[in-house]
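Each chain, written out:
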Amino acid sequence: MQQTRTEHLGHVKSVVVKLGTQLLADGQKRLDAAFLSRIAQQVQTLRQRGILMTIVSSGAIGAGLRQLNLAKRPTDLGALQAVAAVGQPRLMAAWDTAFAPHGLQVAQLLLTREDIDHRTRFLNVRNTINALHAMNVVPIINENDTISTNEIIRITFGDNDILAGLVAHATQADLLVLLTVVDGLLDANHESVRTVPNLHEAHGLVRKEKSAMGKGGMDSKLEAARMVTGSGSPMVVANGRDENVLVRLLDGDELGTLFLPSHEARPSRHRWIGALQPKGHVVVDAGAVVALIEKHKSLLPAGITSVADEFEQGDCVGIKSLSGELIARGLCNYDSFTLRRVIGKKTAEVRAMLKEAAYDEVVHRD
């Protein structure tokens, strides 16, 4: 087991670290300044080893609750956004104070899901983070809670677990670490699972509870794991309160749960597509599943049995098997209206029907 840790974590050069709301709070639900200082010390230690460190930090709403003397998280959207607006500058001030003794500046980046789904914005996020590292500045990223709405709730990040996975995509990080208040993924006996080689096995172990302060849970952590391990990088879920946890993880100590990569490292564009929120879905037959998964072929109209939702040409679509399993996602060459006209048809039939508007592939293999 130690050899597995060393193999996957011993040569890491860039890390995204996410800290949850509950982890950042002390016993009185205030931002825990002493804890932030300990994390800053660990980040500095790893930076001195040449490891680039990017922080995804929850805590704006928690900080705002404390500042406004509110006993619990509001359920009204406007009130929640106001609390986040009050708390975000206090969160950044706390991080600034934590890193100051180490001579390090911090920078704030507030993101929405749309910043990731838009290709140019996605690349700008990467370029900004890379520039900050070059300036010896620690990037600290949070969701822009003040502009997220219930109407677009599907593009929020789930207590920043998903956001952290997307940031790992953008930066092409070697490792994602999700720090929480539990010792990783727990089995039926409430004991920590040290290594997860297959995500299908992990889903049966997930418990549904989440903290009153946060909005995530282990489900969102497994979704982050799907994105990151599917792109060729490992992920760790660990207890952020373990002493010197980040340094020890990179030294190969068996802390938390290590999710092993399921693929070789993927190129940047593939990582971006894997991070996109599908605008719709297509269902394909068994032959198409074999062609996509085993033969690495493009998706043709003949293999599609149905189309769900409405989307435009160039949007990301999820590709599902007849059993409903999501097997792939990609950029669609057709809008949903046109695609419904050609599903199940052979290439020659599609060309005859659509003329110059025809594409042989619905989703290209690249």
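Throughout what follows, the structure given in this document is the object of discussion. Here the structure is a predicted model, which means the values were calculated and not measured.

### As for unusual backbone geometry
You will see that Gln-172, though not glycine, has its phi angle at about 50 degrees, which is positive. When you line up the elements, Gln-172 lands in the loop between helix H8 (161-171) and strand S5 (175-180). For Asp-309, which is not a glycine, the phi torsion comes out positive at approximately 75 degrees. Secondary-structure assignment places Asp-309 in the loop between strand S10 (304-308) and strand S11 (316-320).

### Considering the pairing of strand S12 (residues 326-331)
Both S11 and S12 contribute to a ladder of 5 bridges, which runs antiparallel. Within the sheet, the bridge partner assigned to Ile-319 lies in S12 and is Ala-328. Between the end of S11 and the start of S12, which pair antiparallel, lie 5 residues, with Gly-324 showing a positive phi angle near 95 degrees.

### Points about empty space enclosed by the protein
Using a probe with the size of a water molecule, rolled over the atoms, empty space left in the structure can be pinpointed. Counted by the stated rule, this structure contains 2 cavities of 30 Å³ or more. In this structure, the second largest cavity encloses a volume near 40 Å³. Considering the residues around the second largest cavity, the lining is formed by 10 residues, among which Thr-21, Ala-25, Leu-31, Gly-62 and Ala-63 are closest to the centre. Going through the elements one at a time, helix H2 (21-24) and helix H4 (60-67) are the ones with two or more residues in the lining of the second largest cavity.

### Details of the side chain of Gln-42
Following the sequence through the fold, Gln-42 ends up in helix H3 (residues 33-48). Sequence-distant contacts of Gln-42, that is, excluding residues within four places in its chain, are made with Asn-244, Val-245, Leu-246 and Val-247.

### Considerations on the sheet that holds strand S1 (residues 14-19)
Pairing in this open sheet of 8 strands is mixed, and the strands run S3-S4-S2-S1-S5-S7-S8-S6 from one edge to the other. Each edge of the sheet is formed by a strand with only one pairing partner; in this case those strands are strand S3 (105-111) and strand S6 (195-196). Pairing of S1 with S5 involves 5 bridges; the strand directions are parallel. The partner of Val-16 across the bridge, within S5, is Leu-176. Against the sheet, helix H5 (residues 77-99) makes contact with S1, strand S2 (52-57), S3 and strand S4 (137-143), and its axis sits at roughly 150 degrees relative to S3, the strand it touches most.

### A word on the environment of Phe-259
Its location among the elements puts Phe-259 in strand S8 (residues 257-259). C-alpha separation for the pair Phe-259 and Arg-226, spaced 33 residues apart in sequence, amounts to 9.2 Å.

### Things to note about the sheet that holds S12
If you walk across this open sheet you meet the 4 strands as S10-S9-S11-S12, and the pairing is mixed. Only two strands of the sheet have a single neighbouring strand rather than two, namely S10 and S12. Between one strand axis and the next, the sheet turns by 25 degrees as a mean value, whatever way the strands run. With 4 bridges connecting them, strand S9 (residues 280-284) and S10 associate as antiparallel partners. In the strand pairing of S10, Val-283 is matched with Ser-306.

### Description of the pairing of S11
Counting buried positions along S11 yields 4 of 5 residues, so the element is predominantly enclosed. Inspection of the sheet shows S9 paired to S11 by 4 bridges, in the parallel sense. Paired with Val-282 across the two strands is Ile-319, which belongs to S11.

Analysis parameters
- Residues numbered from 1 in each chain as written.
- Predicted model: local features only at pLDDT ≥ 70, side-chain atom pairs only at ≥ 80, totals over all residues.
- Heavy atoms only, no water.
- Helix = DSSP H or I, 4+ residues; strand = E, 2+ residues; numbered from the N terminus.
- Pairing = 2+ DSSP bridges.
- 1 Å grid on protein atoms, 1.4 Å probe; cavity = no way out; pocket = protein on both sides within 12 Å on 5 of 7 lines; lining within 4 Å.
- Points joined across faces, edges and corners; volume = space filled by probe spheres on them.
- Contact = heavy atoms within 4.5 Å.
- Axes fitted to C-alpha atoms, helices over the stretch in contact; angles between N-to-C directions.
- Buried < 20%, exposed > 50% of the residue type's maximum accessible area, 1.4 Å probe, protein only.

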